[in-house]
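Working through the structure, step by step
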Amino acid sequence: QIECTTPNSSQSMVVKVEVHVANEGYSNSSGVAFEFIDVWSSIYTWGAMDIPVEGDFVVISPNQTILLDVTTPILSFLLIQGTLIFDEIDLTLNSEYILVTDGGLLQVGSEESYFKHNAVIRIHGHVRKPELPVYGTKVLAVRDGTLELHGKPIPITWSRLNHTANINDTEIVVEGRLECWEVGDEAVIATTGFGPVGNERVHITNVTMLNGTTILGIDPPLEFEHLAITMSKG
């Protein structure tokens, strides 16, 4: 194991790591690099000024990489031309507008290592607020940039009701063994009526496998009936 101490850097950068052993030469360290980045919670990221507060217009400049290590206040605008990466903790990014552009990157997790905590990007405001040209209002927009969201893989993302769910029920029974669904996950129970009225968003409070089905405890209780009926014609 080798520990390295680096001098301070005035900007974000990636530098090649070379290891030299006296009387032996250089080690084979091709492809190994060290990255200098800024952290959101440090005043030095913001020119030794206060960290962003509610209502600020925040710019992450080209060639700047910032690690988001704290939940933000509600920003008025977040312009990402550099890189913003979520730290591996529970975090919420709050803003009225977010624009990723000019080669910028907003990243949560990676293909090699999915994000293992809860990441929330919450857009605030009102639909009647002034619109950002082309994109609209209350928006997360990407133009000539990259948005990477890598969460826990969930191989089964939907199922069917095994039994009709009634008003005020706090449990539903669905088909299959949904072992990848966990307490705390959010689920949407689609309407079985006409139109969008009847869709319900719930949190899973309990998961029990039973004879090829899964019993899900849910909160809040259901406000609508959801039918599980098979009909054959002909």
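Anything mentioned here points back to the structure above.
Residues numbered from 1 in each chain as written. Predicted model: local features only at pLDDT ≥ 70, side-chain atom pairs only at ≥ 80, totals over all residues. Heavy atoms only, no water.

Points about the pattern of salt bridges
Heads up, the rule is: The rule for a salt bridge is simple: a side-chain nitrogen of Lys or Arg has to be within 4 Å of a carboxyl oxygen of Asp or Glu. Working definition: helices are DSSP H or I runs of at least four residues, strands are E runs of at least two. Numbering for both runs from the N terminus.
Within the structure shown, the criterion is met by four salt bridges. Measuring nitrogen to oxygen at the nearest pair gives 3.2 Å for the salt bridge that ties Glu186 to Arg201. Of the two residues, Glu186 is situated in strand 17 (residues 186–189) and Arg201 in strand 18 (residues 200–210); the sequence distance between them amounts to 15 residues.

Considering the environment of Glu35
The condition is simple: Burial classes: relative accessible area under 20% of the type maximum marks a residue as buried, over 50% as exposed, and values in between as partly exposed (1.4 Å probe, protein chains only).
Here Glu35 is to be found in strand 4 (residues 33–36). We classify Glu35 as partly exposed; its relative accessible area is 41%. Here the alpha-carbon distance between Glu35 and Val17, two residues 18 residues apart in the chain, equals 9.9 Å.

So, the environment of Gly103
Considering the arrangement of structural elements, one finds Gly103 in the loop between strand 11 (97–101) and strand 12 (105–108). Of the residues examined, Gly103 reaches a relative accessible area of 54% and is grouped as exposed. Residues Gly103 and Gln81, spaced 22 residues apart in sequence, show a C-alpha to C-alpha distance of 6.1 Å.

Regarding the nonpolar core
Let me state the cut-off plainly: Side-chain atoms within 4.5 Å are what join buried Ala, Val, Leu, Ile, Met, Phe, Trp, Tyr and Cys residues into a set we call a nonpolar core. Contacts are assigned to residue pairs with any non-hydrogen atoms lying within 4.5 Å of each other.
Counting residues in each nonpolar core, the largest one holds 18 residues, and the members touching the most others are Trp40, Leu78, Ile80, Leu84, Phe86 and Leu93. Elements with a contribution of two residues or more to this core: strand 6 (57–60), strand 7 (65–68), strand 8 (77–80), strand 9 (83–86), strand 10 (91–95), strand 11 and strand 12. Those residues in contact with Leu84, other than ones at most four positions away along the chain, are Trp40, Ile60, Ile66, Leu68, Leu78, Leu93, Leu105, Leu106 and Gln107.

Structural notes on the sheet that holds strand 12
Our working rule: When DSSP locates at least two bridges between a pair of strands, those strands are taken to pair.
The parallel open sheet is built from five strands, whose spatial order is 5-7-9-12-15. Lying at the two open borders of the sheet, with one neighbouring strand each, are strand 5 (38–39) and strand 15 (146–149). Relative to strand 15, strand 12 is paired through four bridges, and the arrangement is parallel. What sits directly across from Val108, in strand 15, is Leu149.

What to know about the packing of aromatic side chains
Operational definition: Between 30 and 60 degrees the pair is tilted, below 30 it is stacked and above 60 it is edge-to-face, where a pair is any two Phe, Tyr or Trp rings, Trp via its six-membered ring, whose centres lie within 6.5 Å.
Under the criterion given, the structure shown has four aromatic pairs. Summarising the aromatic geometry, the rings of Phe57 and Phe77 are spaced 4.7 Å apart at their centres and angled 5 degrees between planes, so their arrangement reads as stacked. Taken as a pair, Phe57 in strand 6 and Phe77 in strand 8 lie far apart in primary sequence, 20 residues in all. Given the relative accessible area of 11%, Phe77 is considered buried.

Describing the pairing of strand 12
Neither face of strand 12 is exposed, since Leu105 and Gln107 on one face and Leu106 and Val108 on the opposite face are all buried. As paired strands, strand 9 and strand 12 are joined by three bridges and run parallel to one another. For Ile85, the partnering residue across the bridge sits in strand 12 and is Gln107.

As for unusual backbone geometry
In this structure, Pro220 follows Asp219 across a cis peptide bond, with omega equal to 5 degrees. Locating Pro220 in the fold gives a position in the segment after strand 19 (213–219). One non-glycine residue, Asp144, lies in positive phi territory at about 55 degrees. Along the chain, Asp144 turns up in the loop between strand 14 (139–143) and strand 15. Of the residues examined, Asp144 reaches a relative accessible area of 63% and is grouped as exposed. Even without a glycine there, the phi angle at Asn168 is positive, about 75 degrees. Following the sequence through the fold, Asn168 ends up in the loop between strand 15 and strand 16 (171–175).

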